[in-house]
Amino acid sequence: MSEDLGTRTRLLIGEEGVEKLRNSSAIVCGCGAVGGYAIEGLVRAGVGRIGVIDGDEFSPSNLNRQVLATVDTIGRRKAEVAVERARSINPDIDAEAMVTFVGEDTIPDILEGDWDVLVDCIDTIGRKAEMLRAANRRGMRIFSSMGAAMHLDATAIRIDTLRKTSVCPMAARLRKELRDEDTSGITCVYSVENCGIKPQDRDEHGKSVLGSMPTIPAIFGMTLANETVKYLLGRD
C-alpha cells in the first residue's frame, strides 16, 4: 500500500472525509504560541487552503512555546515561516502569507475571498474584537482562542460558545465588546483555571509580559484545529 499525508487520516474519516478537508479553507489570524499549533494541526489534517495573517517577527523569547520558533527563524516574519513549514509538510497545499497586523484598515483585505472558517489566535483585545465582529457580520464560522498564558492546568481547558464562557478575563472582555452581536457562531477554547498569578514584567512599551509554558498554548492550538476539522467534516 502506497503511503501519503492522508494515509492514517483516511483510515479514520474515509476518502470522502479526506476530500472534504482537501477542498476546505481556513484563515488563521496570529501564528504565535497558539496559532502555530493550530496551523500545524490543520495542515497535517489535510486542509487544502490556508491563509496565515501575522505582522510580527520571531524573537528569542518565543522559543519556549512557539512551535515555529527556532534559532534559525529568529528575526524572520512569522507568517512567512508558517507558510514555508506548511509547504514542507504538504507540498500540494495552497498556503498564503499576509504579513500584516489585524486592524480596522486591514480587516477587509484579510477577509476578502471565500474562506470556510476563521481561526482566531489574536492576543490583543482591541484587534481581536474588531476581527471577530467583522467576521461574524459576514456570517463566517469562527473558532477563537482565549487567553492561554498564565495557566498550568490542562484539565481546566474548555470548549464553548463565547456567551457560555466563564472565568477567563479575555473572554469576559470580549463578551462585553460584542454584547450586541449574535456570537452563537463563535466557538471558544478557554481555561477556567484561576491561577492567581500576576504579570511579572513589562516590555519596552509598558505592556505586561505574561508567563507561559509550552504545553497549554499547544493544547489550545490543537484543540482549535480539532474543532475546526470537525466542523469542516460536518461532525461538530
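Note that the structure is a prediction, hence the values are computed from the model and not measured. (Residues numbered from 1 in each chain as written. Predicted model: local features only at pLDDT ≥ 70, side-chain atom pairs only at ≥ 80, totals over all residues. Heavy atoms only, no water.)

Enquirer: I'd like a description of the pattern of salt bridges, backed by residues and values.
Expert: Evaluated as defined, the whole model comprises 12 salt bridges. We note a salt bridge from glutamate 40 to arginine 85, for which the minimum N-O separation is 2.7 Å. Of this pair, glutamate 40 sits in helix α2 (residues 33-45) while arginine 85 sits in helix α3 (residues 78-89), and the two are 45 residues apart along the sequence. In the salt-bridge network here, residues are joined through shared partners; they are Asp4, Arg10 and Glu15. (Salt bridge = Lys/Arg side-chain N within 4 Å of Asp/Glu carboxyl O. Helix = DSSP H or I, 4+ residues; strand = E, 2+ residues; numbered from the N terminus.)

Enquirer: Explain a negative patch on the surface to me, and be specific about the residues and the numbers.
Expert: The grouping of Glu104, Asp105, Asp109, Glu112 and Glu130 at the surface amounts to a negative patch. Topologically, aspartate 109 is positioned in helix α4 (residues 107-111). (Patch = residues over 30% accessible without salt bridge, like charges linked within 9 Å, V, L, I, M, F, W, Y side chains within 5 Å. Areas by Shrake-Rupley, 256 points an atom, 1.4 Å probe, with all protein chains shown as cover. Lys, Arg positive; Asp, Glu negative; His and termini not counted. Charge placed at Lys NZ, Arg CZ, Asp CG, Glu CD.)

Enquirer: Residues and numbers for the packing of α2 against helix α7 (residues 215-232), please.
Expert: Closest axis-to-axis distance for the α2/α7 pair is 7 Å, and the angle between their directions is 40°. Viewed along their axes, α2 and α7 adopt a mutual orientation that is oblique. In this structure, the crossing between α2 and α7 has a hand that is right-handed. Residue-level inspection shows Ala33, Val34, Tyr37, Ala38, Glu40, Gly41, Leu42 and Ala45 of α2 in contact with α7, the latter providing Pro217, Ala218, Phe220, Gly221, Met222, Leu224, Ala225, Thr228 and Val229. For the contact of α2 with α7, a count of residues per class yields 13 nonpolar, three polar and one charged. (Axes fitted to C-alpha atoms, helices over the stretch in contact; angles between N-to-C directions. Parallel < 35°, antiparallel > 145°, perpendicular 65-115°, else oblique. Left-handed = near helix turned anticlockwise from the far one by under 90°. Contact = heavy atoms within 4.5 Å. Nonpolar A, V, L, I, M, F, W, Y, C, P; charged D, E, K, R; others polar.)

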